[in-house]
Structure formats: structure tokens, C-alpha cells
Amino acid sequence: MADTKAAAVMPTPTRKKLPPKTIVAYSILAAVLVLVPVLVQSATGWEFIVRIFVIVGIWVLLALGLNIVVGYAGLLDLGYIAFYAMGGYAGVIIGQAVSHWTGGATYFLMLIPAALAGALTGVALGFPVLRLRGDYLAIVTLGFGEIVRICLNNNLFGLSNGASGLPYGNQVMALPFGAQWLQDNIRFQTPLGFFQFGPNMYWYVIVVMLVLGAIFVIRRLDDSRLGRAWVAMRENEVAAEACGINIRTQKLWAFSLGALSGGIAGVTFAYVQQFISPESFTFMESVFVVCIIVIGGMGSIKGVIAGALLIKGVPDLIQGLAVAGVLKMPAEMQSLMSNYRFLVFGLLMVVMMAVRPQGIIPSSRRARELLPEDGRILAEEDMQEWDVENRANTEPDDV
Amino acid sequence: MTMGKARKYMAIVALLAAVALVVTGCGGSGSSAGGGATGAVKVTIGIGAPLTDGAVALGKGMVRGANLAITQANASQEVKDLGLTIASVEGDDKGDPTTGGNVATQFASNPTLVGVMGHLNSGVTRVAVKIYNQANIVQVSPANTAVDLTQMGMTNYFRVCANDAVQGPAGADYAFKTGGFKKAFVVDDSTPYGVGLADEWGKQFAADGGAVAGREKTSDKDTDFKSLVTKIKAAGIDIVYYGGIYNSGALLSKQLKEGGVNVPLMGGDGLFDPEYIKLAGAAIAKGDLATSVGLPTAQMPKGQDFIAAYKAAYPSDEIAAYDAYSFDAANAIIKAIVSVAKSMGADKVTTTEGKKAIIAAVAKTNFEGVSGTVSFDAHGDTTNKAITVYTVGADGAWAPVSK
Amino acid sequence: MSYLLSQLINGITLGGLYALVALGYTLVYGILLMINFAHSELFMAGGYVGLGVLKVLSDGAVATGPLAFMKPAQTFFNSGMLGFVALMAATFLISAVIVGLLGVLIERFAYRPLRHAPRLAPLISAIGVSIFLQNAVLLWVSSKQLPYSRADGTAFVTSHTLLKFGGVEITTMQVFIVVTSLLLLLFLDTFVARTRIGRAMRATSQDREAAGLMGVDINSVIALAFFIGPALGAVAGVFNGMYYGSVKYNMGFIPGIKSFTAAVVGGIGNLRGAMLGGFLLGIVESLAGGFLETGYKDVIAFIVLVLVLIFRPGGLLGEAVAEKV
């Protein structure tokens, strides 16, 4: 897959225009990603695997957004789930009001208010708090996350229907167009078995698109002026400021872009689940996202995806397989597993910080920051500098 | 190419290999499990409940109640003659809607699964019932009390317990008319269950002519009610209604009485648990009230049988609030399976037509269960609207109040 | 008026608990400049250890089997004023020491390896420790909410009304909590200001490296801070159990955040500030609960935190410290 290292170090002019190679690569990736659950489902008949992929995908989206804030800009946000909630609620409240006219397009149209709700909340919170030091910022964002959740729960302004969630009673959320038709008409025989288009498959395709879109944007951002400013800021705020980078603006950009991604993830989550309630936005969920990034690798797109698969996907998959009767596990064992996972995550966070702070699949830049003494990384760095000086642009610039 | 890069690719290859192994491994054992059932037709009932997080004590009780019904059914000659084996599968919804959605999809992916006994939390049902509806799976809940669940237009949804709109007002009527309480303070725990119940109770209490002096929200994780107690004390009331679960309810009761507010605390079936008395202490809990759906199990015609069978099957466990309802809910599904197997043939039960027939059969359910007559109205609500008020007696146990 | 006073008394008691926990945050922050996110879990652990000690020392239902030898000791602890005082002293001491040692252990394995890492690393590690501890208690102790009483339902400490005027009541428990927390602050304040070790602590907090060069054993000083902070947290945990009547594995989170808020409000790193912040926050919260909606009392605490950090990040008693370059 992608190799960001070379691109990260040098602003390559070829990046300005989108090379057809990139488009092809993204398309192939999308096709493969869509094909995998089709094959898995037809081989096993388990639609739940697709749902797990959908949920994992939403978490990838969330984690990619937070990754901008934590991984690139170096701001620890412990209340990130608030943006997810804002996006979800904005999408549902506005969507329910207009769905009479918009029908099957509701979800797609609601992406805009959800993204706006996320981003605007991000700016509104970011404006006063971003001048705080890292750890203070972490606690303030934590407080903000709780404020949002409690206000939703207490039905502030009478919009959120409190703890019962939305939609209420016989209201239904409009299915996006095509979903029903595809379910009714798409069924075919594959070499592995029979495939029937389930309700989750539709969302899976959408989530894959969103994730690929986010990856594309983030990779472009990473190489842009803004991305380089973030890195400079993360490495040394004072030096960056001295170089003419407006710290406040850069932080605000990172914060609101991350929040925007959270908002989109939120509305998608709400429409996938066809229901939204404050209990999905607790502090633990925020910790989950941070966990994904830390364990996967801060600032690394591949790391974040691996983290989401590991932390959200694997436990759900194990539980699903146990319920499906494939993994023969006594109920006691199952509950042990699902309980011990938090214990293990906690321990992993501690161990990771001590042993491998750069994460499972590290971003090379971030690794250098966290482990400056690591000889291997220094060697790699030297190599890259040599690359830049001596054979600029010979590294294949693939995706 | 550097060391780091080589390692990275190796890691990716290893990851892919692991995924492949998992997938192929699953496929293999999956087919063998399907072929394992010989002779009898295997029909599965899903049991969805919080088992590792949320109200675990209630969830585990639900599993025990439902499994008892399934074991009894499998032992019965009727089921044997039809060539059916009823299996159960547990899904841990953790009391969380998203996890509940996963569990529901897992249940829906199981080709032999025709019905779900479950979901304790109304929020979980909101997500899960739509998934069951698409898969033509019947859901019978022993415990959902949110009023609007049966108004969602889901034809596959039924519940054997009365909803908040029955339980809340019944409690309020008792408090005002029988108990003689005139001025109440209403508190909820900000969960859908607690808010719904507290709202309904308050409405009826005011309609009866009582005064609601105050309405406050707390959180289901709160342990500090001191400031609230002072507020309640200043309101000068003679009863406190708490919409919520026993954990925080017990602490509120305790702190009320320690704070000198010596009035009974009343709540719904969420308080009706032995754990409530343990947490508050028997001396403090004495006189507290809880409503629960149906009549006391021990007084029901089939109650003693149920208690005896339960004690025989689970000697070390106490009967929790929803165990008898879970037993009845599972039986409603089992009876529907049996009737469909009789009319369509055992091998047709797990087909789409069979599942639809089961939903129709559950809608026509009518039998004497442990909790009373089990039958449903057009929306899927139980017709058994009996509510019993319990109080904590001097012996430190819940006992039905004498009317 | 008596209503206001009653709420004030609630607030001051709550404030005493916050203050004790806040001292732990501020002590560690003062020396290491890190937020010990796991401190709230040490507070929780204190509640559990205290419950265990109380059960062993004074609950007849526990003194069976291998613990049967405790019978005579229990008779002593359960009889008379002397027994009661001994019971309290033993409970608080044992809990404080055990939890203090746990704190030292956490510092040794989770934070010390990260002393030279960027600032986010120890914070993330601390979040990890916090999740770990909560789940360790959930899995290995109990997932249930446990009553803070003997098996027969009697409380270990019966609270009496000490003072009654108008509609206002003050209980022995409330006085006990407030007096203990004030005494502990006084002790800690004197310890840090007057003793040799205290001077070493202050030196370390000012400039760790320079202090090390001057012959201060940095590791011991930090370990000591990680002993005292959690020990105070444990005392608060035991009080919390006695006062509110139960312990649960997730009980630490909300009080932890609020105590941190208290530490920030008072000026983090400043012992007296933490105390002041604790009492202020307790009072604000009680009054907010008493005069506004109870459902928003947590929100109000968080809003106080956000406002203080935005407008006076140094806290009430702290100085505005510029970021070191």
C-alpha cells in the first residue's frame, strides 16, 4: 500500500495533480474492500460479519478524525466523542424534520449539516481552549464531552428527547434510496456460496467510500502547507511560531477538521443504527478512540486502521463467532473474554507507551519524535535525507 | 529498502495470513456444526440480555428463566414426537444499543434461529427489533417497559410485561388511594427506563389529586444524593418516587433516611430485587415500596411448580425480577414453534414461511403462564395488566402488601 | 436560610472529600508536571481496601474458616469507644499504606520509564492504568455495587446528629470528614514546608535536574509523592464509602475529575490551593444541586473547570506560569 515517508519529507511537485495511477489504486482498493465481505458472507452465510465491518469502518472514520488532532497536531482530545454526538444528533434532528421532502436522499443530504455541526462545535470549543497546554486541554475536552452528553441526556432545549433517544415512537428514519431495492433484487450464486444483499452491505459500501475519501484528504493534507505546519507545531510550538506559523489558526484547523470527520461518522452511525441515544457517547467511547490511535500508531493512517480492527473488530468478531456457534466457547468464557478486553487494553496502553510508543504500525515521523534514540529510526532518517539529497523523487510514488 | 520496511511488510503478510486462517477455520467448523444435528430438527431461540455489563444480575436471571423453559420443552413428549430439538443461544447485548444491534444481526444470521427471548433494555430493543423484523424473527421481551415500543409498527414484537403506562399509574394509584400519601417528590435516574416510569407515575399521582412537589434527574451512576436529600427534606413530602434501578435507588433510600427524611421510597420493578435490600440495609429499606408486573409468583397457580423447578435447576441462584417473565416469554415462543411444527411440519419451522407463521402464532398466544395469562393485544402488549405492590417487610425481604 | 445552611454543610463535607483527592493530584503535578489520571482509581481502591479491612476487623460473618482467629480481635474492635477508635485508626492506616504502596508501584512501572518521553506519553499511560485498575476490581473483586456495611446490614460507623439548630443538622460523620481533611492538609503543609524531605520535594518540583545535582534522590522524592497522594486518596475513598454507603468499581471517575477540577481551581501544584478549590467546588456543586436542577450538577462542575482554565489557568492561588521554552 502507501508509503508516505518519502512524500512526507519532500514536497513533491508531482502531487499537485491527481495522477491517474492514484485514482486506479484507490478504485482497486475500494473494489477489494467491497469484495471481501461479499465473499465472506457468501462462504459462511453470516451477515453479521458485514455489520461488524460497518461498525469498524465508522470507528476508522472516527479514529482518522481524531488522528488529525492527536497524531498530526499533537493535541490530546479526550472528549472527541462529543463531535460524533453532535454530528449524529444534528443529522437525525434535521433529517427527521425534512425527510418528508427529501425521502431517500435524507442521509446523503444530512452529511452536510452533520459535518457542519461537528466542525462548528470544534471551532466553538477550540477557540477558547486551544491556548491551553496539552494535558489541560485533555481534561477540558473531557469535561466538554461530558457536558454534551449530560445535556443530551437531560433533553436540553427539548430537541434530543433525553435518554430515550431519537427517533421516538412510530417515527422512522428514511432508508437511503436504493437500499430496499438492492435487498430485494441482488442475490446471486458465487463460487463460495449464495450471496444475498443484506441491509448492512449498503452501509458497508458507503462507509468504505467515506473512509477512502478521508484517507485521500488526510494524505493530501499531510503533504500540504497545513500538514507541515502541524508537524512543526507538534515538534516544537515555540520554534514553529518563530518561523511564522500562526499556532492558534493551525490548531483550530486541526481541531475543526477532526471534528468534521467525527460529525460525518456520527450521522452515518445514526442512520446505520436507525436510532441514536446519549448512551452511545460516554467517556469510555472517547477513550476507545484514543486507544485505537495510541495502539495503532499516532499519525499513521495504516496504524489507525489496524488499531480499529484490533480494538473494535476482533472482540465483536469473537463474540459474533461464539454466538454463531463456531467458536465453541462456554458462556463463562465469553463473558470473561469480553470483560478482560478492557483490562488488556488498559495494560496495552501502558506497555505500548513504555515499549513502543509509536504504535503497531507507526508513522515514521511520529516514531522519530517519540523515540529519538532509536538507532534504527535514526538510520532510516539518514537514509531518507540521503534520498532527498541524492536521488530525489526516485522512490515510487504509489498509494 | 530498509529493515523497518521489510518488517512492516512481513507484519502485513502475517496479519493477512491470520485473517485467512480465522476465516477458513470458521468455515470448516461451521459446516461440521450444521451437519452435527442428526435425526431431530434443530430450532434455536436466541436469548438477548446484558451478561457482562449493565444490569448483569437481571440479565443472567433472564437467561436462567428462558433456559428452564427450553429444557422443560425438550423433555416434553410433545416436542420429542415432533422431532424437534430446541436449542438456545445467548447474546450479550451489554445493555448497549450498538452491541444489541450486533447481537441482533448475529441472531438473524443464524439459519435455525426463529425467535428471540429478550432484551432487557428498551434502548437495545429499539435497534434490535428492526433487524429481527427484516429477518422475520419474533421477539418476545420479558422486561421492556418503554410505552412506545409497541407503537413502532413492528409486527414481530411482543412483551409479556406491562409497560410504564400501566406500571407507573398503578403505583401512583396505590400510593395515593391505598397508601394515603398526598405529597410526592419524583426522581429519575436519566435512563430511558427511569424517566419513562417516573413521568407516568407523576402524571397519575397528580391526576389522582396528589401534589408533586418536585421533579429531579440524577444519574444511574450517582452515589451522592446528599444535596438532593436536603432539597427533598425542604419540600416536606410524604413519599419519594424513584424511577430507576436498585443500585442507586438503594443509596437514595439510605441517604434519605440518614438525612432525616423518614418517608418510604417507592419505585418500579427496577427496585424489586433482593440486592436493593442488601445495599440499603434491611432496617433502612423497611417500608420502601416497589411495583412489579403481574401477581406474586408464589401465589400463582403455576408459581410453586416454577419455584421448585427453578431451585432444582439452579440451586445456588435466587430468582431475580424477570426470571418468571423470561420463562413465560420463552414458552410463548416454544408454543408457537410447536404449533407451527404441527401444522406445517417440523422441517418447515426455520423457513421464511415458518418464521412468519411463528409470528402469527405468537400473536394468538393464550396460555396460563407463571406470571398469569399470557396473551397479547393487537400492538403486542400483554393483556395481563396486573400490578403488585411489594414492600420491604421486617424480615428484610420483599413481600406483597396486603390490600 | 436553614436550607441554604444545610446545603452549605453538604457542600463543605463533599468539599472535604474533593480536597483530599485534589491534594494527590496537585502533589504529583507539582513534582512531575503530569496529571495522574489513575488517581481517581486509587481513590476507588481506597474504598475497597477500607471495606475489606473493616470487614476483617469487625464483621462477625467474615471471621470464619481461615479467618476464625480474628474473633477475639473483633470483639475488641466492636466494643466501646476505645475499640471504635482503634478500628478507625487501623482502617485508615492500613488502607492508606496499601493504596500508597500501590501508587508507588504504578509510578515505578507505568510512569518512571516515561520520564523523558513527551508529555502526552505519561498521560496516556495513566489512562491505561486507570482502565486497568477499574477492570481489575470489576473482574477480581466484584462487578456489583457493594454495601459499606457488615453482612447483617449494620453500618460500621453509625452517624449521629451532633448539632441541631433551626432546620440544620450536622452529623458526626460530616465533622469527622472535614476535620480529618483539614488536619491532613495541615500535616502535609508542615511536612513539605518544614522538613528536610519536604525541602527536597520542593527543590525537585522547581528543577528536577538541578535538585538531582544537589544530591537530592529524585527517585525517592517522586516515589514519596506517589505514596502520599494515593494514601490521602485512600482516606477519601474510605470516607466516601462510609458517608455515601457503597463502593463500585467505577465510582472513582466522576469524583476524580471533579477533584482534578478542584486542584486546578485552586492552582495546580499548590497544596493550600487544592484544599481551597476542593471546598469551593463542593459548595458550588451542592448549591447548584440545591437551587438549580440536580441533573446538571456535574455539568456545573465541568463548566467551572472550563471557565477557570480559560480565564485563570493558573488557578486562584497559583501564579500564571509561562510555558517553559
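Remember, it's a predicted structure, so these values are computed and weren't measured experimentally.

Thresholds applied
- Residues numbered from 1 in each chain as written.
- Chains lettered and ligands numbered in written order.
- Predicted model: local features only at pLDDT ≥ 70, side-chain atom pairs only at ≥ 80, totals over all residues.
- Buried ≥ 20, exposed ≤ 12 C-beta atoms within 10 Å, placed from the backbone.
- Helix = DSSP H or I, 4+ residues; strand = E, 2+ residues; numbered from the N terminus.
- Pairing = 2+ DSSP bridges.
- Core = buried A, V, L, I, M, F, W, Y, C linked by C-beta atoms within 7 Å.
- Contact = placed C-beta atoms within 7 Å.
- Domains from an automatic or database assignment.
- Nonpolar A, V, L, I, M, F, W, Y, C, P; charged D, E, K, R; others polar.
- pLDDT = per-residue confidence, 0-100.
- Axes fitted to C-alpha atoms, helices over the stretch in contact; angles between N-to-C directions.

**Some thoughts on the pairing of strand 1 (residues 41-49) of chain B**
All names here are of chain B.
And then number 1: Burial within strand 1 is extensive, with seven of its nine residues counted as buried.
And then number 2: Note: strand 1 against strand 2 (residues 84-92), nine bridges, orientation parallel. Residue pairing in the sheet places Ile47 in a bridge with Glu90 of strand 2.
And then number 3: With five bridges connecting them, strand 1 and strand 3 (residues 113-118) associate as parallel partners. Looking at the pairing, Gly46 lines up with Val116 of strand 3.

**Overview of unusual backbone geometry**
Across the chain, the bulk of peptide bonds are trans and the bulk of non-glycine residues have phi less than zero.
And then number 1: Cis geometry is found at the peptide bond from Leu166 of chain A to Pro167 of chain A, where omega equals -10°.
And then number 2: Turning to its location among the elements, Pro167 of chain A is positioned in the loop between helix 6 (134-153) and helix 7 (179-185).
And then number 3: Phi angles above zero are rare outside glycine, and His119 of chain B is one such case at about 70°.
And then number 4: For His119 of chain B, the position within the fold is in the loop between strand 3 and helix 5 (122-134).
And then number 5: Residue His119 of chain B is classed as buried on the basis of its C-beta count, with 36 C-beta atoms lying within 10 Å.

**Structural notes on the nonpolar core**
And then number 1: Ala63 and Ile292 of chain A together with Val240, Ile333 and Ile337 of chain B are the most contacted members of the largest nonpolar core, which totals 355 residues.
And then number 2: Top contributing element to this core by residue count: helix 3 (residues 48-72) of chain A, with 20 residues.
And then number 3: For Ile292 of chain A, the contacting residues outside a window of four places in its chain are Trp59, Ala63, Val304, Gly307, Ala308 and Ile311 of chain A.

**Examining the domain arrangement of chain B**
Residue and element names in this part refer to chain B.
And then number 1: Split by domain assignment, chain B resolves into domain 1 (41-162 + 300-370) and domain 2 (165-293 + 388-400).
And then number 2: Each of domain 1 and domain 2 was reduced to a C-alpha centroid, and the two centroids are 30 Å apart.
And then number 3: Each side of the interface is counted separately: domain 1 has 12 residues, and domain 2 has 15 residues.
And then number 4: Across the side of domain 1 that touches domain 2, the residue classes break down as eight nonpolar, three polar and one charged.

**Looking at the confidence of the model for chain A**
Residue and element names in this part refer to chain A.
And then number 1: Of the residues in chain A, 82% have a pLDDT of 70 or more, and the chain-wide mean is 79.
And then number 2: For chain A, per-element mean pLDDT is lowest for helix 1 (residues 5-9), which scores 43, and highest for helix 11 (residues 247-273), which scores 90.
And then number 3: A low-confidence stretch, residues 1-15 stays under pLDDT 50, and its non-local contacts, those more than four residues away or across chains, total 26 contacts.
And then number 4: The model gives residues 391-399 a pLDDT under 50, and that stretch makes 14 contacts with residues more than four places away or in other chains.

**Description of the sheet that holds strand 7 (residues 211-217) of chain B**
All names here are of chain B.
And then number 1: Ordered in space as 7-6-8-9-10-13-14, the seven strands form an open sheet in which the pairing is mixed. Looking at which strands have only one partner, the edges of the open sheet turn out to be strand 7 and strand 14 (398-400). Averaged over neighbouring strand pairs, the angle between their axes works out to 25° when direction is ignored.
And then number 2: The sheet contact formed by strand 9 (residues 265-267) and strand 10 (residues 289-293) spans two bridges and is parallel. Counted as the bridge partner of Met266 is Leu289 from strand 10.
And then number 3: Contacting strand 6 (183-188), strand 7 and strand 8 (239-243), helix 8 (residues 226-235) runs over the sheet at an angle of about 170° to strand 7.

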